[in-house]
Amino acid sequence: MAITAAEPTSVRAFGPGTALSCRECGERYELTPIFACQFCFGPLEIAYDFGNVTREEIESGPKNIWRYRSLLPVPDNVAELPNMNPGLTPLVRADRLAAELGLRSLHVKDDSANPTHSFKDRVVAIAVEAARTFGFTTLSCSSTGNLAGAVGAAAARAGFESCVFIPAGLEEGKVVMAAVYGGKVVAIDGNYDDVNRFCSELIGDEAGESWGFTNVNLRPYYAEGSKTLAYEIAEQLGWRLPEQIVIPIASGSQLTKIDKGFQELIRVGLVEDRPYKVFGAQATGCSPVAKAWENGHDVIQPVKPDTIAKSLAIGNPADGPYVLDIAQRTGGSVEHVGDDEIVDAIKLLARTEGVFAETAGGVTTGVLCKLVREGRLDPEAETVIVNTGDGLKTLNAVDSGVTATIKPSLDAFKAEGLA
């Protein structure tokens, strides 16, 4: 139902959130579990009426994303409800990697420190609160792996049933992490886009009644969790925006919401309004947004994914066009790197900073290296890259192992040339 403002009860349930707003035509709707505009089929996102938000209020809040509850579509008592409480992950000062690349200032936002070791805990945390408000009993999702684990864990903590859908052939570590929480894990014979289409059909069937699909019918709420990356980066930098940021692209939602988060911080007066550049990162084997950027197109041509970076393997990214707009507006770009470069970048980040990234983090680090090498990133500007997950989930991507096997003696150690 289209409206000009949300119902009063919705305002209470969703904090400063006032309505759903179409990103294309601006039509507004009540805060309900819908995700597409009925007039133009554009994506819906949360519109807000922010009150007075201060740094002091945020800094005195919980040591997780709920410190930003005044900027999120959640109830005021959210910190008291059963949730995984993700966030406030480290912003690692990457001096050794910066020195190797010739950068003055570099930080890694390391979201592998979240409860299920990926940034997906952030978005699921918001979706859980929306599901609770709407009275759903089962949490579900279409996932390339990390989201399935985050949904399984959050459902277990909050008392929901769960049933998640993944493409067949995912990394074993991600499958185990999704299944261990006791919910159902269903593999679909196809790629992520096939899984997502199936979930859209299930929503319209009685079999999916009372199900909250975090990244489908709850997507407007779920997506807002990515903004908390922007909030934390700014707060951890001393309440300022980075001059450059490199972000991995799967659906593109994380990149668009980090930009939205920066803009909201400016809007409420928490940071100075200064220019920043946004760079998107994709794997060459699934790079529809990067290819559109290369060719100067504003339409994304879907592709069939073929890359080791399975967490980014979305061949038809819903937010792709908006990523292009942000890269253009901020003076950034969208780049891609091949599988060999991804592996090299994983090892580089681990060797220089002790951060073991999954393949998505290898993509981001690899694109950072490419941008520096080609002179398209300012080496003097304060730069942040985002690592979205833990390398323990994608062990098959790297070939590191035992350096040598020796007898338990000093002579054997020296004979192997290890001294």
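Bear in mind that the values here come from a model prediction, so they are computed numbers and not experimental data.

What counts and what doesn't
Each chain has its residues counted from 1, running along the sequence as written. Side-chain atom pairs in this predicted model are given and counted only at pLDDT of 80 or more, local residue features only at pLDDT of at least 70, and totals for whole chains, interfaces and linings cover all residues. Values reported for side chains reflect all heavy atoms of the structure, with hydrogen atoms and water molecules removed beforehand. Strands here mean DSSP runs of E at least two residues long; helices mean DSSP runs of H or I at least four residues long; both are numbered from the N terminus. Between the two quantities, the radius of gyration covers C-alpha atoms and the globule rule is 2.2 Å times the number of residues to the power 0.38. Relative accessibility under 20% of the residue-type maximum defines a buried residue, over 50% an exposed one, and the middle range a partly exposed one, all with a 1.4 Å probe and only protein chains included. Here the axes come from fitting lines to C-alpha atoms, over the contacting stretch only for helices, and the angles between their N-to-C directions go from 0 to 180 degrees. When describing relative orientation, an angle under 35 degrees is termed roughly parallel and one over 145 degrees roughly antiparallel, while 65 to 115 degrees is termed roughly perpendicular and anything else oblique. By convention the crossing between two helices is left-handed if the near helix lies anticlockwise of the far one by an angle smaller than a right angle, and right-handed if it lies clockwise. Contact definition: two residues touch when any of their heavy atoms are within 4.5 Å. Criterion for a salt bridge: a side-chain nitrogen of Lys or Arg within 4 Å of a carboxyl oxygen of Asp or Glu. By convention a nonpolar core is built from buried Ala, Val, Leu, Ile, Met, Phe, Trp, Tyr and Cys residues, the set being connected through side-chain atoms within 4.5 Å. We call two strands paired when DSSP finds no fewer than two bridges between them. To estimate the expected span of a helix, subtract one from its residue number and multiply by 1.5 Å.

**Student:** I tried to follow the overall build of the protein chain on my own but got confused; where do I start?
**Tutor:** Per the secondary structure count, the protein chain includes 15 helices and 13 strands. Relative to the compact-globule value of 22 Å for 419 residues, the protein chain shows a C-alpha radius of gyration of 21 Å, a close match. Here the C-alpha coordinates of the protein chain stretch approximately 75 × 45 × 45 Å along the principal axes. Within the protein chain, buried positions represent 58% of all 419 residues.

**Student:** What exactly am I supposed to notice about the packing of helix 11 (residues 288–295) against helix 12 (residues 320–330) here?
**Tutor:** Packed helix pairs are specified by the crossing angle of their axes together with the interaxial distance, meaning the distance between the axes. Axis separation between helix 11 and helix 12 bottoms out at 10 Å; the angle between their running directions is 50°. One element, helix 11, and the other, helix 12, form an angle in the oblique class. Handedness of the helix 11/helix 12 crossing: right-handed. Residues Val289, Ala292 and Trp293 of helix 11 lie in contact with helix 12, whose contacting residues are Gly320, Val323, Leu324, Ala327 and Gln328.

**Student:** Would you mind going over the pattern of salt bridges with me for this structure?
**Tutor:** Think of it this way: side chains of opposite charge can pair up when their charged atoms draw near. By the definition in use, this model includes 27 salt bridges. Its salt-bridge partner being aspartate 111, residue arginine 122 comes within 2.7 Å of it at the nearest N-O pair. In this pair, arginine 122 sits in helix 4 (residues 120–134) while aspartate 111 sits in the loop between strand 5 (105–110) and helix 4, placing the two residues 11 residues apart along the sequence. Neither residue differs from the other here; arginine 122 and aspartate 111 are each classed as buried. In this structure, glutamate 382 and arginine 274 form a salt bridge, with 3.6 Å as the shortest nitrogen-oxygen distance. A residue pair is termed long-range when its members are at least 10 positions apart, and glutamate 382 in strand 13 (residues 382–387) and arginine 274 in the loop between helix 10 (253–267) and strand 11 (277–283) qualify at 108 residues.

**Student:** How should the nonpolar core be read in this particular structure?
**Tutor:** Within soluble globular proteins, side chains that are nonpolar tend to cluster in buried spots. Core analysis: the biggest nonpolar cluster contains 83 residues, and Tyr221, Ile245 and Leu265 have the highest contact counts within it. Ranked by size, the runner-up nonpolar core spans 33 residues in total, among them Phe279, Ala283, Val363 and Leu368.

**Student:** When you look at unusual backbone geometry in this model, what are you seeing that I'm missing?
**Tutor:** Only a minority of non-glycine residues have a phi that is not negative, and only a minority of peptide bonds are not trans. Although it is not a glycine, leucine 88 sits at a positive phi angle of roughly 55°. For leucine 88, the position within the fold is in the loop between helix 2 (55–59) and strand 4 (91–93). We note that histidine 117 has phi near 70°; this positive angle belongs to a residue other than glycine. Among the secondary structure elements, histidine 117 is positioned in the loop between strand 5 and helix 4.

**Student:** Honestly, the sheet that holds strand 8 (residues 184–188) in this entry has me stumped. Any pointers?
**Tutor:** The pairing of strands in a sheet comes from backbone hydrogen bonds and takes either a parallel or an antiparallel form. Strand order across the open sheet formed by four strands is 8-7-6-9, with parallel pairing between neighbours. The sheet is open, and its two edges are formed by strand 8 and strand 9 (211–213), each paired on a single side. Adjacent strand axes in the sheet meet at a mean angle of 20° when their direction is disregarded. The pairing of strand 7 (residues 161–167) with strand 8 spans five bridges and is classified as parallel. Paired with cysteine 163 across the two strands is lysine 184, which belongs to strand 8. Helix 5 (residues 146–158) rests against strand 6 (138–142) and strand 7 of the sheet, and its axis sits at about 175° to strand 6. Across the sheet, helix 7 (residues 192–203) touches strand 6, strand 7, strand 8 and strand 9, and the angle it forms with strand 7 is around 145°.

**Student:** Explanation requested: the side chain of glutamine 254 in the structure shown.
**Tutor:** Within the secondary structure, glutamine 254 is located in helix 10. If we ignore the near neighbours within four places in the chain, the residues touching glutamine 254 are Phe119, Ser226, Leu229, Ile247, Pro248, Val386 and Thr388.

**Student:** Where do I start with helix 5 in this structure?
**Tutor:** The periodicity of an α-helix, 3.6 residues per turn, causes residues three or four positions apart to be oriented the same way. Along its 13 residues, helix 5 runs 18 Å from first to last C-alpha, staying within 8% of the 18 Å computed at 1.5 Å per residue. Of all 13 residues in helix 5, 11 are buried, a share of seventy percent or more. Among the residues of helix 5, those classed as buried are Asn146, Leu147, Ala148, Gly149, Ala150, Val151, Gly152, Ala153, Ala154, Ala155 and Ala158. Looking at the buried side of helix 5, the elements it contacts are helix 4, strand 6, strand 7, helix 6 (172–179) and helix 8 (219–222). Phi turns positive, to about 90°, at glycine 159, one or two residues after helix 5.

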